[in-house]
Amino acid sequence: QVQLVESGGGLVQAGGSLRLSCAASGSIFNLYTMGWYRQAPGKQRELVATLTSGLISNYADSVKGRFTISRDNAKKMVYLQMNSLKPEDTAVYYCNAHRSLSMRSSADYWGQGTQVTVSS
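Thresholds, definitions, all that
Position labels on residues start from 1 in each chain and follow its written sequence. For a predicted model such as this one, the threshold for reporting local features is a pLDDT of at least 70, and the threshold for listing and counting side-chain atom pairs is 80 or more; totals across whole chains, interfaces and linings nevertheless cover every residue. Water and hydrogen atoms were dropped before computing side-chain values, which therefore reflect all heavy atoms in the structure. Put simply, two rings from Phe, Tyr or Trp (the six-membered ring, in Trp's case) pair if the centres are within 6.5 Å, and we call them stacked under 30 degrees between planes, edge-to-face over 60, tilted for the rest. A run of H or I in DSSP counts as a helix once it spans at least four residues, and a run of E counts as a strand once it spans at least two, with each numbered from the N terminus. Here, over-ring charges are defined by two tests on the NZ atom of lysine or the CZ atom of arginine: distance to the ring centre within 6 Å, and angle to the ring normal within 35 degrees. By disulfide we mean two sulfur atoms from cysteines, separated by a distance within 2.5 Å. Any residue under 20% of the maximum accessible area for its type is buried, any over 50% is exposed, and the rest in between are partly exposed; the area is computed with a 1.4 Å probe on protein chains only. When a carboxyl oxygen of Asp or Glu is within 4 Å of a side-chain nitrogen of Lys or Arg, the pair counts as a salt bridge. The pairing criterion is simple: DSSP has to find at least two bridges between the two strands. Only C-alpha atoms enter the line fits that serve as axes; for helices the fit covers just the stretch in contact. Angles between N-to-C directions range over 0 to 180 degrees. Throughout this description, the term nonpolar core refers to a set of buried Ala, Val, Leu, Ile, Met, Phe, Trp, Tyr and Cys residues connected via side-chain atoms within 4.5 Å. Two residues qualify as a contact provided that any one of their heavy atoms is within 4.5 Å of a heavy atom in the partner residue. Under this definition, polar contacts are N or O atom pairs within 3.5 Å; protein pairs additionally need one hydrogen-donor-capable and one acceptor-capable atom, and for neighbouring residues in sequence, both atoms have to be side-chain atoms.

Asks: Would you mind going over the packing of aromatic side chains with me for this structure?
Replies: To describe a pair of aromatic rings, you give the distance between the ring centres and the angle between the ring planes. Applying the stated criterion to the full structure yields two aromatic pairs. Note on Tyr-32 and Tyr-109: the rings are 6.1 Å apart at their centroids and 65° apart in plane angle, and the pair reads as edge-to-face. With a gap of 77 residues between them, Tyr-32 in the loop between strand E3 (18-24) and strand E4 (33-39) and Tyr-109 in strand E10 (residues 106-110) connect regions that are remote in the sequence. Their ring planes at 70° and their centres at 5.1 Å tell us that Tyr-37 and Trp-110 sit as a pair that is edge-to-face. Pair noted here: Tyr-37 is in strand E4 and Trp-110 is in strand E10, with a separation of 73 residues, a long-range link. The side chain of Arg-19 reaches across the aromatic face of Tyr-79, ending 4.0 Å from its centre. Against the face of Trp-110 rests Arg-45, its NZ or CZ located 4.6 Å from the ring centre.

Asks: Where do I start with the state of the cysteines in this structure?
Replies: Two cysteines whose sulfur atoms are joined by a covalent bond form what is called a disulfide. Going through the model one piece at a time under the given rule, you end up with one disulfide. Linked covalently through their sulfurs, Cys-22 and Cys-95 form a disulfide whose S-S length is 2.1 Å. Its torsion about the S-S bond being -85°, the disulfide of Cys-22 and Cys-95 is classed as left-handed. Pair noted here: Cys-22 is in strand E3 and Cys-95 is in strand E9 (residues 91-100), with a separation of 73 residues, a long-range link. Overall, the relative accessible area of 0% leaves Cys-22 in the buried class.

Asks: Just checking my understanding: could you explain the pattern of salt bridges for this structure?
Replies: If charged atoms from side chains of opposite charge come close, those side chains can pair. Following the criterion strictly, the structure yields four salt bridges and no others. Where salt bridges share partners, they join Arg-38, Glu-46, Arg-66 and Asp-89 into one cluster.

Asks: What's the story with the sheet that holds strand E1 (residues 4-7) in this structure? I'm lost.
Replies: Adjacent strands of a sheet pair through backbone hydrogen bonds, lying either parallel or antiparallel. Taking strand neighbours across the sheet as the criterion, the four strands line up as E1-E3-E8-E7 in an open arrangement whose pairing is antiparallel. Of all strands in the sheet, those with a lone pairing partner are E1 and strand E7 (67-72), marking the two edges. Neighbour-to-neighbour, the strand axes of this sheet turn through a mean angle of 15°, independent of strand direction. With four bridges connecting them, E1 and E3 associate as antiparallel partners.

Asks: Is there a simple way to think about the environment of Glu-88 in this case?
Replies: Position of Glu-88 relative to the elements: it lies in the loop between strand E8 (77-82) and E9. Separated by 32 residues in the primary sequence, Glu-88 and Ser-120 have C-alpha atoms spaced 9.6 Å apart.

Asks: Just checking my understanding: could you explain the nonpolar core for this structure?
Replies: For soluble globular proteins, the rule of thumb is that nonpolar side chains tend to be buried together. One finds Leu-4, Trp-36, Leu-80, Met-82 and Tyr-93 to be the most contacted residues of the largest nonpolar core, which totals 31 residues. In contact with Met-82, not counting residues within four places along its chain, are Gly-16, Ser-17, Leu-18, Leu-20, Arg-66, Phe-67, Tyr-93 and Val-116.

Asks: Hey, could you run me through the side chain of Arg-38 in this one?
Replies: For Arg-38, the position within the fold is in strand E4. In terms of polar contacts, Arg-38 uses its side chain to reach the side chain of Glu-46, at 2.7 Å. Not counting the four nearest positions on each side in its chain, Arg-38 is found in contact with Gln-44, Arg-45, Glu-46, Val-48, Ser-62, Val-63, Phe-67, Glu-88, Asp-89, Ala-91, Val-92 and Tyr-93.

By themselves, these are just geometric observations and shouldn't be taken as functional.
In structure tokens:
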């Protein structure tokens, strides 16, 4: 079982920066692929960035070069540094922990989300 708590959201002007944090509980945090997803009003939840236990990262094309995901396994923390923010980055951002249990099953945990609003 993993519990996730996000923080760091807020209101920022376009071009500004924010750093989201996700605090995780659980004894095997380092085995999970950690990720950030976002959901804007009226839209489906979408992947922003993921980072495997082996530190392989993946980013949505829309945030490449602007966002950076990182993790600190000792502190059980995941971060999303967001630079050059745009109004279209406005959304609720969710932290995710994912682990494949077998070829047919996986474990996924979600935080409660944190609002990011970028004004133009």
